[in-house]
Amino acid sequence: MSRPLLLDVDTGVDDAIAIALATRLVDHSLVAVTTVAGNVPIEFATDNTLKVLAWLKQDIPVYRGASEPLVRALHTAREHHGHDGLGGWTLPSAQTGVQEQTAPEAIVRLAREHRGDITFVFVGPLTNLAIALNLEPRIADWVHRLVIMGGAFFGPGNVTSDAEFNIFVDPEAAAAVARSGVRATWVGLDVSHQTSISSGQWARLAGPDEGGLTLVREVTRQALTELGRAAIHLHDPLAVAVAERPQICTYFTGDVGIDTGHVQRGKTRVTTSVGPTASANVAREVDQHGFDTVLRMLVDRS
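Points about helix 8 (residues 171-178)
So, step 1. Of all eight residues in helix 8, seven are buried; the element is thus mostly enclosed.
So, step 2. All of the buried residues along helix 8 are P171, E172, A173, A174, A175, V177 and A178.
So, step 3. In this structure, the buried residues of helix 8 make contact with helix 5 (127-135), strand 5 (145-149), helix 7 (165-169), strand 6 (184-187) and strand 9 (249-258).

Some remarks on the pattern of salt bridges
So, step 1. Taken as a whole and judged by the stated rule, the model has 12 salt bridges.
So, step 2. Across the pair E172 and R72 runs a salt bridge whose closest N-O atoms are separated by 2.8 Å. Of this pair, E172 sits in helix 8 while R72 sits in the loop between strand 3 (62-64) and helix 3 (78-81); the two residues are 100 residues apart in sequence, bridging distant segments of the chain.
So, step 3. Residue D259 is joined to R269 by a salt bridge in which the shortest nitrogen-to-oxygen separation is 3.7 Å. On the criterion of sequence distance, the pair formed by D259 in the loop between strand 9 and strand 10 (268-271) and R269 in strand 10 is long-range, its members being 10 residues apart.
So, step 4. Residue D259 is classed as buried on the basis of its relative accessible area of 17%.
So, step 5. On the basis of relative accessibility, which here comes to 35%, the residue R269 falls in the partly exposed class.
So, step 6. What you see here is one network of salt bridges that share partners, running through R112, E136 and R138.

Brief notes about the packing of helix 5 against helix 8
So, step 1. Their axes nearest at 8 Å, the elements helix 5 and helix 8 cross at an angle of 50°. Considering their axes alone, helix 5 and helix 8 lie oblique with respect to each other. Our pair here, helix 5 against helix 8, has a crossing hand that is left-handed. Across from T127, L129, A130 and L133 in helix 5, the residues of helix 8 making contact are A173, A176 and V177.
So, step 2. Looking at side-chain class alone, the contact of helix 5 with helix 8 contains six nonpolar, one polar and no charged residues.

What to know about the sheet that holds strand 2 (residues 28-35)
So, step 1. Sheet architecture is open: nine strands sit in the order 3-2-1-4-5-6-11-9-10, paired in mixed fashion. Among the strands making up the open sheet, the edge pair consists of strand 3 and strand 10. Pairs of neighbouring strands in the sheet enclose a mean axial angle of 30°, with direction left out of account.
So, step 2. Where strand 9 and strand 10 come together, four bridges link them in antiparallel fashion. Bridged to G257 within strand 10 is R269.
So, step 3. Docked against the sheet, helix 1 (residues 13-22) engages strand 1 (3-9) and strand 2, running at close to 170° with respect to strand 1.

Observations concerning the environment of Q222
So, step 1. Along the chain, the position of Q222 falls in helix 11 (residues 211-226).
So, step 2. We classify Q222 as partly exposed; its relative accessible area is 23%.
So, step 3. Separated by 141 residues in sequence, Q222 and H81 have C-alpha atoms that sit 9.1 Å apart.
So, step 4. Those residues in contact with Q222 that lie beyond four places of it in its chain are G82, G87, G88 and L227.

Overview of the packing of aromatic side chains
So, step 1. Counted under the stated rule, the structure contains five aromatic pairs.
So, step 2. When the centroid spacing of 5.9 Å and the interplanar angle of 65° are considered together, the rings of F120 and F122 count as edge-to-face. The two residues F120 and F122 agree in class, both being buried.
So, step 3. An angle of 65° between the planes, with centres 6.4 Å apart, marks the rings of F154 and F252 as edge-to-face. In this pair, F154 sits in the loop between strand 5 and helix 7 while F252 sits in strand 9, placing the two residues 98 residues apart along the sequence.
So, step 4. Given the relative accessible area of 35%, F154 is considered partly exposed.
So, step 5. With relative accessibility at 25%, the residue F252 sits in the partly exposed group.
So, step 6. Here R78 stacks its cationic end above the ring of F44, 4.7 Å away from the centre of that ring.
So, step 7. When the ring centre of F154 is taken as origin, the NZ or CZ atom of R284, which lies over that ring, is 3.9 Å away.

Remarks on helix 2 (residues 42-55)
So, step 1. Given a rise of 1.5 Å per residue, 14 residues ought to cover 20 Å, and the 20 Å separating the end C-alpha atoms of helix 2 matches this to within 8%.
So, step 2. Turning to helix 2, its buried residues number three or more, namely I42, A45, T46, N48, T49, L50, K51, V52 and L53.
So, step 3. Buried-residue contacts for helix 2 involve strand 1, helix 1, strand 2, strand 3 and helix 11.

Quick word on the environment of R109
So, step 1. Its place among the elements puts R109 in helix 4 (residues 103-113).
So, step 2. The class of R109 is partly exposed, set by a relative accessible area of 23%.
So, step 3. Separated by 27 residues in the primary sequence, R109 and E136 place their C-alpha atoms 9.6 Å from one another.
So, step 4. Within the structure, R109 has its side chain in polar contact with the side chain of Q101 (distance 2.7 Å).

What counts, and at which threshold
- Residues numbered from 1 in each chain as written.
- Predicted model: local features only at pLDDT ≥ 70, side-chain atom pairs only at ≥ 80, totals over all residues.
- Heavy atoms only, no water.
- Buried < 20%, exposed > 50% of the residue type's maximum accessible area, 1.4 Å probe, protein only.
- Helix = DSSP H or I, 4+ residues; strand = E, 2+ residues; numbered from the N terminus.
- Contact = heavy atoms within 4.5 Å.
- Salt bridge = Lys/Arg side-chain N within 4 Å of Asp/Glu carboxyl O.
- Axes fitted to C-alpha atoms, helices over the stretch in contact; angles between N-to-C directions.
- Parallel < 35°, antiparallel > 145°, perpendicular 65-115°, else oblique.
- Left-handed = near helix turned anticlockwise from the far one by under 90°.
- Nonpolar A, V, L, I, M, F, W, Y, C, P; charged D, E, K, R; others polar.
- Pairing = 2+ DSSP bridges.
- Phe/Tyr/Trp six-rings, centres within 6.5 Å; stacked < 30°, edge-to-face > 60°.
- Lys NZ or Arg CZ within 6 Å of the ring centre and 35° of its normal.
- Expected span 1.5 Å × (residues − 1).
- Polar contact = N/O pair within 3.5 Å; in protein donor to acceptor, adjacent residues only side chain to side chain.

The values reported here are purely geometric and, on their own, carry no functional implication.
Shown next as structure tokens:
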């Protein structure tokens, strides 16, 4: 029997692919999508999420979340995802709207309803989760597995030399999550930079009309053709894949710390635990074959 899965997104290019993958998993059933400001402002992130789910013919509730980081002004990534977040791909308007509950409220409710069974995957800034943990700290014990796409633990960041984007946007939220006691799996740039779709692989997607592959092709078109990039890293789809098959990565087990200062804002560190139990598994290496096996779920399930 599949486990319920909640996916939190700031829907840009790779978030859209992550949503598509999350709807096709075997061991998990996507029960909710929550949105947060990050790659694009919250209005765009939420609208994109609704459109992507409609395109995929998925009737999954969407909950709008935080429009700003906890204490900082929003820093977006529109230069990478396009003004609207979907790489210039224009999707039809969705016929459904967001749910009445906010994202943090939905996170608390679903964690309570599926206590000990639900998987959380967070692939944007951690603002919603930090708010939810403040509302109900027991979430830390209720969630079965928490996978976070964020951090650069063993190498350089992609916003500054120290920081990965999601953590840089809201380091206070990430720090709150790290010290909450929730046991998390952190999927940072160290492994997500080991996964990508190249321009050559993109060209081979020219024929398929299957919804999931069409989505992958169209959201990556601008970057791989017009902007001439050699490849696009699959940061967020990897986090979804890790939720489904944790064994596709190897991990360093320890405690995660987040720098919230000005000089090294968003720097992530993992240290050997000094207590009886470590709070985090930080991904170090990814088995490409294992990751590709999960990605094939985009077409192997209808």
